[in-house]
Amino acid sequence: MSVTHPAGFTASGVPAGLKSTGAKDVALVVNHGPRFDAATVFTANRCKANPVLWSEQAAKDGTVRAVVLNSGGANCYTGPDGFQTTHAVAERVAEHAGIGAVDVVVCSTGLIGLANPREKVLAGVDEAYAGLAADGGTAAAEAIMTTDSVSKEVVVEGAGWSIGGMAKGAGMLAPQLATMLVVLTTDAVVDAADLDRALRAATRVSFDRLDSDGCMSTNDTVSLMASGASGITPTPEDFTEALTQACTDLTMQLLKDAEGADHEIAITVLGAASEADALEVGRSIARSNLFKAAIFGQDPNWGRVLASVGTTSAAFDPADLDVAMNGVWVCRESTPAEDPAGVDLSGREVSVTVDLKSGPERATIWTNDLTHAYVHENSAYSS
């Protein structure tokens, strides 16, 4: 289960001394073709890290032949020297691979404001290129971990073609991609325009609906490379379906590894006048610290759900809202209904359903609870 499962790709992950633990911290994924079509989406945060600023330009022409990633430092707000480090890393990969630096996407993750030691990163690139292997996907997935407790990989099989993927992310998970780096690969024959359409469709209903703590990263990148090595061209519908499956699988892995979380929460909004309304309501609930703290305390406090619904501009009648928690309809027509004592919140998986009764649309947002462990980890992150 890795980015090297599809034909035409090699990968590696090595320690370059960026992490004080000595763990792997530089990863490389290379597309050996015969095709080099690609699509990449980035954070919607206006404050972007140097690798994002570089990669936005590199990926613009729909050709990416390699993705190089480091953990241990975000290379964000590190000044002109930080951008020069990103450029130097792309040039070093290009030199090894005999390609142009403009065909190299660069990704970094870690603490903002921390300058990555250029010589260490470049030495890591040298070692990573020398270690490229057809079974190197797992090592690459391990090398991009920061506060992750486990690496995250996926494979989805098509009819004679496949999709592989790896992701990192455990906190700061909010829309327009979560705080994460994702590399996806496929050996299907798909041109860049179709890859872009499929990737945007897939991320819209997967990564973009993961809202762990309402905070958006400066470094988010999801890059998809197609080698065409299978020689098979799937229909756009089949490819998009498989890609969405891969992205959703990785999204759930990110959710389950959210920093300090005790519960994974699916918030489904029904009866919305529009999908936008459903998403706005779902996000409002997901970002309520009161609601999230209640779930941590196993308290089915549906009043906090209604209070969050009321902060939105969605269409609904405040006097006619229904709320269910883990299948128990604790609120009907905005009044108490079934006994909240019947709601069992002892397991990790929690479902919250809100019926706005205003239309045919629905959407689900995924989040997690607010725990002591989350506060501890994020209060001590830089120290």
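Our subject is the structure listed above.
1. Concerning the sheet that holds strand S5 (residues 104–109)
Right, so step 1: Strand order across the open sheet formed by 4 strands is S1-S2-S4-S5, with mixed pairing between neighbours. Lying at the two open borders of the sheet, with one neighbouring strand each, are strand S1 (9–14) and S5. Ignoring which end each strand starts from, the neighbouring axes of this sheet average 10° apart.
Right, so step 2: For strand S4 (residues 66–71) and S5, the ladder comprises 6 bridges, and the chain directions are parallel. Counted as the bridge partner of serine 71 is threonine 109 from S5.

2. What about the pairing of strand S12 (residues 328–332)?
Right, so step 1: Across the 5 residues that make up S12, a large majority, 4, are buried.
Right, so step 2: Bridging between strand S11 (residues 322–325) and S12 involves 3 bridges; their strand directions are antiparallel. Following the sheet pairing, valine 323 is matched in S12 by cysteine 331.
Right, so step 3: Bridge analysis of S12 against strand S13 (residues 335–336) gives 2 bridges, and the strand direction is antiparallel. Bridge pairing in S13 places cysteine 331 opposite proline 336.
Right, so step 4: Counted between consecutive antiparallel strands, the loop separating S12 from S13 contains 2 residues, among which glutamate 333 sits at a positive phi close to 50°.

3. A short note on the environment of phenylalanine 9
Right, so step 1: Here phenylalanine 9 is to be found in strand S1.
Right, so step 2: Residue classification places phenylalanine 9 among the buried positions, given a relative accessible area of 3%.
Right, so step 3: Residues phenylalanine 9 and glycine 164, 155 residues apart in the sequence, show an inter-C-alpha distance of 10.0 Å.
Right, so step 4: The residues contacting phenylalanine 9, other than those within four sequence positions of it, are Val3, Thr4, Val29, Val30, Asn31, His32, Ala134, Thr185, Thr186, Met225, Ala226 and Ser227.

4. Quick look at unusual backbone geometry
Peptide bonds are mostly trans, and most non-glycine residues show a negative phi.
Right, so step 1: A cis geometry characterises the amide bond from glycine 33 onward to proline 34, with omega recorded as 20°.
Right, so step 2: Tracing the sequence through the fold places proline 34 in the loop between strand S2 (26–31) and strand S3 (37–42).
Right, so step 3: At lysine 357, a residue that is not glycine, the phi angle is positive and equals roughly 55°.
Right, so step 4: Within the element layout of this structure, lysine 357 appears in the loop between strand S14 (349–355) and strand S15 (361–368).
Right, so step 5: The exposure class assigned to lysine 357 is partly exposed, which follows from its relative accessible area of 36%.

5. Some thoughts on the packing of aromatic side chains
Right, so step 1: In the structure shown here, the tally under the stated rule is 2 aromatic pairs.
Right, so step 2: Judged by centre distance (5.8 Å) and plane angle (40°), the rings of tryptophan 161 and phenylalanine 239 are tilted. One end of the pair, tryptophan 161, is in the loop between strand S6 (152–157) and strand S7 (162–168); the other, phenylalanine 239, is in helix H6 (residues 236–256), with 78 residues separating them in the sequence. For the pair tryptophan 161 and phenylalanine 239, a shared accessibility class is recorded, and that class is buried.

Rules behind the numbers
- Residues numbered from 1 in each chain as written.
- Predicted model: local features only at pLDDT ≥ 70, side-chain atom pairs only at ≥ 80, totals over all residues.
- Heavy atoms only, no water.
- Pairing = 2+ DSSP bridges.
- Helix = DSSP H or I, 4+ residues; strand = E, 2+ residues; numbered from the N terminus.
- Axes fitted to C-alpha atoms, helices over the stretch in contact; angles between N-to-C directions.
- Buried < 20%, exposed > 50% of the residue type's maximum accessible area, 1.4 Å probe, protein only.
- Contact = heavy atoms within 4.5 Å.
- Phe/Tyr/Trp six-rings, centres within 6.5 Å; stacked < 30°, edge-to-face > 60°.

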